Amino acid sequence: MMKAWVIESYENGFSGLKQKEISIPEPKENQVLLKISSISLNYRDSIILLGEYEPRYKIGLIPGSDCCGYITKIGKNVKNFKVNDRVLTHFCSHWQFRDEKKQEDQYFLGGPIDGGLAEYMVVDEISIVNAPINYNDNEACTLPVSALTPWYSLISIGNLKKDDWVLIEGTGNVSLYAIQISHSLGAKTIVLTSSKEKEEKVLKLGATHVINYKNSPQWERNIMELTNGQGVDHVVDVVGGDYFNKAIQVSRPQGHIYSIGFLKNPKVDINIYDLIYKRINIHGISVAPRQDFIEMINKMNHLKIKPIIDTVYNFNDAINAFKHVNEGSFGKIVIEINNQLKSSNPLN
């Protein structure tokens, strides 16, 4: 038997999450059984639990997608992994290569497929990758969504180069990794925030400029001034709403806008004129294929990017971890499960 957190109700807020004892799952022929060490939470996990995510998934769902764990058992057809391998789960669990055109949302971990907020988890062989050697378990589990999303956007799609200008909206976890990835490759970043405290923190992470959007509601003018009227090469858009037109406005000709989130509004009235005549590339981003996850980890083993972790919670305190995500944080919220095994981390 194992302990697992399951969603028993979508009507009672965080109290709909219950810890239960259930049977340890058995891997099928193409699957592995993971002993979960650490899991990091995403905003998606929180709104699923609160019933604010569409569609609502099955009652009894085990939430959480971003796990670091150790293989304890393998199916007879598993070829690329072995017992005791340290691995990460891949959120888009069946999306392998960039050119695949199938719908992936039916294979998302943490909904509709059971996630990893449990002592053990069964997952397909094609849904894991080797964990990076230079991050410990808590740090490594922050990578599958928050790091891979901006990596795929800026590197795989946008071919980010030294001295490119990157506009990054906000200081959520995708944005924090976008700052660090851009800085590590010599790009120049402009970060939007409303917090003086966070302004100081992102500057320490390597942000080139920070604009307080509350003090400067017409921040698009500031951006054009900072870029000498040229505009930015890349926009990491996690806000949507009227920010999307501003993203178009501040983009340079043939620039890239990566539509990743819609914190403000999922519906947008687009200025088609600027979009057409600037020849702007708009990319809808839903994390990334496994191919890019593997490439990112291989590169990040050599880049000095330090995962930002706000708070680490005990497995039994998972509900407070979800509440923390909902209230907001600076950095990832991590839950330790079987945390006795750690990798060395030369970045510490």
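Structure: see above.
These numbers come from a predicted model, not from an experiment.

### Side note on unusual backbone geometry
In this structure, P55 follows E54 across a cis peptide bond, with omega equal to 0 degrees. Summarising the element assignment, P55 is placed in the loop between α1 (43-49) and β4 (66-74). Of note, the amide linkage connecting G111 to P112 takes the cis form, showing an omega dihedral of 10 degrees. Assignment of secondary structure puts P112 in the loop between β5 (86-89) and β6 (120-124). Phi at D163 takes a positive value of approximately 75 degrees, unusual for a residue other than glycine. Locating D163 in the fold gives a position in the loop between α3 (148-157) and β8 (165-169). The backbone of N228 shows a phi angle near 55 degrees, a positive value even though the residue is not glycine. Relative to the helices and strands, N228 is located in the loop between α6 (219-226) and β11 (232-237).

### Section: the side chain of E169
Tracing the backbone through its elements, the reader meets E169 in strand β8. We classify E169 as buried; its relative accessible area is 1%. A polar contact is formed between the side chain of E169 and the backbone nitrogen of V239, at a distance of 3.2 Å. In contact with E169, not counting residues within four places along its chain, are S175, L192, V235, V236, D237, V238, V239 and Y243.

### Structural notes on the environment of A318
As for its placement among the helices and strands, A318 is situated in helix α10 (residues 318-327). C-alpha of A318 to C-alpha of I337: the two residues are 19 residues apart in sequence and 10.0 Å apart in space. Those residues in contact with A318 that lie beyond four places of it in its chain are W5, L117 and I335.

### A word on the packing of aromatic side chains
Scanning the entire structure with this criterion turns up seven aromatic pairs. Each residue in the set Y213, W219 and Y243 is aromatic and connected to the rest through ring pairs, giving one cluster. Here K201 stacks its cationic end above the ring of F330, 4.9 Å away from the centre of that ring.

### Quick look at the nonpolar core
It is characteristic of soluble globular proteins that their nonpolar side chains tend to be buried jointly. In terms of nonpolar packing, the biggest core is built from 111 residues, with L88, L117, L167, V236, M296 and I335 touching the most fellow members. Not counting chain neighbours up to four residues away, the residues in contact with L167 comprise I190, L192, W219, I223, V232, H234, V235, V236 and V250.

### Some words on the pairing of strand β3 (residues 31-41)
Counting buried residues along β3, ten of its eleven residues qualify, which places the element largely inside the surrounding structure. Alignment of β3 against β4, held across eight bridges, turns out to be antiparallel. Within β4, the position partnered with K35 by the bridge is Y70. Relative to strand β15 (residues 332-336), β3 runs antiparallel, the two being bridged by four bridges. Note that in β15 the partner of I39 across the bridge is I335.

### Remarks on helix α5 (residues 196-205)
Every buried residue of α5 is listed here: E199, V202 and L205. Angularly, the buried residues of α5 cover 120 degrees about the axis, an arc narrow enough to put them on a single face. Along α5, the residues that are exposed and aim more than 90 degrees away from the buried face are K196, E197 and K204. The backbone nitrogen of E197 has a side-chain oxygen 3.3 Å away, supplied by the residue at the start of α5, namely S195. Among the residues trailing α5, G206 stands out with phi positive, at a value near 120 degrees.

Calculation criteria
- Residues numbered from 1 in each chain as written.
- Predicted model: local features only at pLDDT ≥ 70, side-chain atom pairs only at ≥ 80, totals over all residues.
- Heavy atoms only, no water.
- Helix = DSSP H or I, 4+ residues; strand = E, 2+ residues; numbered from the N terminus.
- Buried < 20%, exposed > 50% of the residue type's maximum accessible area, 1.4 Å probe, protein only.
- Polar contact = N/O pair within 3.5 Å; in protein donor to acceptor, adjacent residues only side chain to side chain.
- Contact = heavy atoms within 4.5 Å.
- Phe/Tyr/Trp six-rings, centres within 6.5 Å; stacked < 30°, edge-to-face > 60°.
- Lys NZ or Arg CZ within 6 Å of the ring centre and 35° of its normal.
- Core = buried A, V, L, I, M, F, W, Y, C linked by side-chain atoms within 4.5 Å.
- Pairing = 2+ DSSP bridges.
- Arc of directions from axis to C-beta.

Scope: geometric values only; no functional claims are made or implied.
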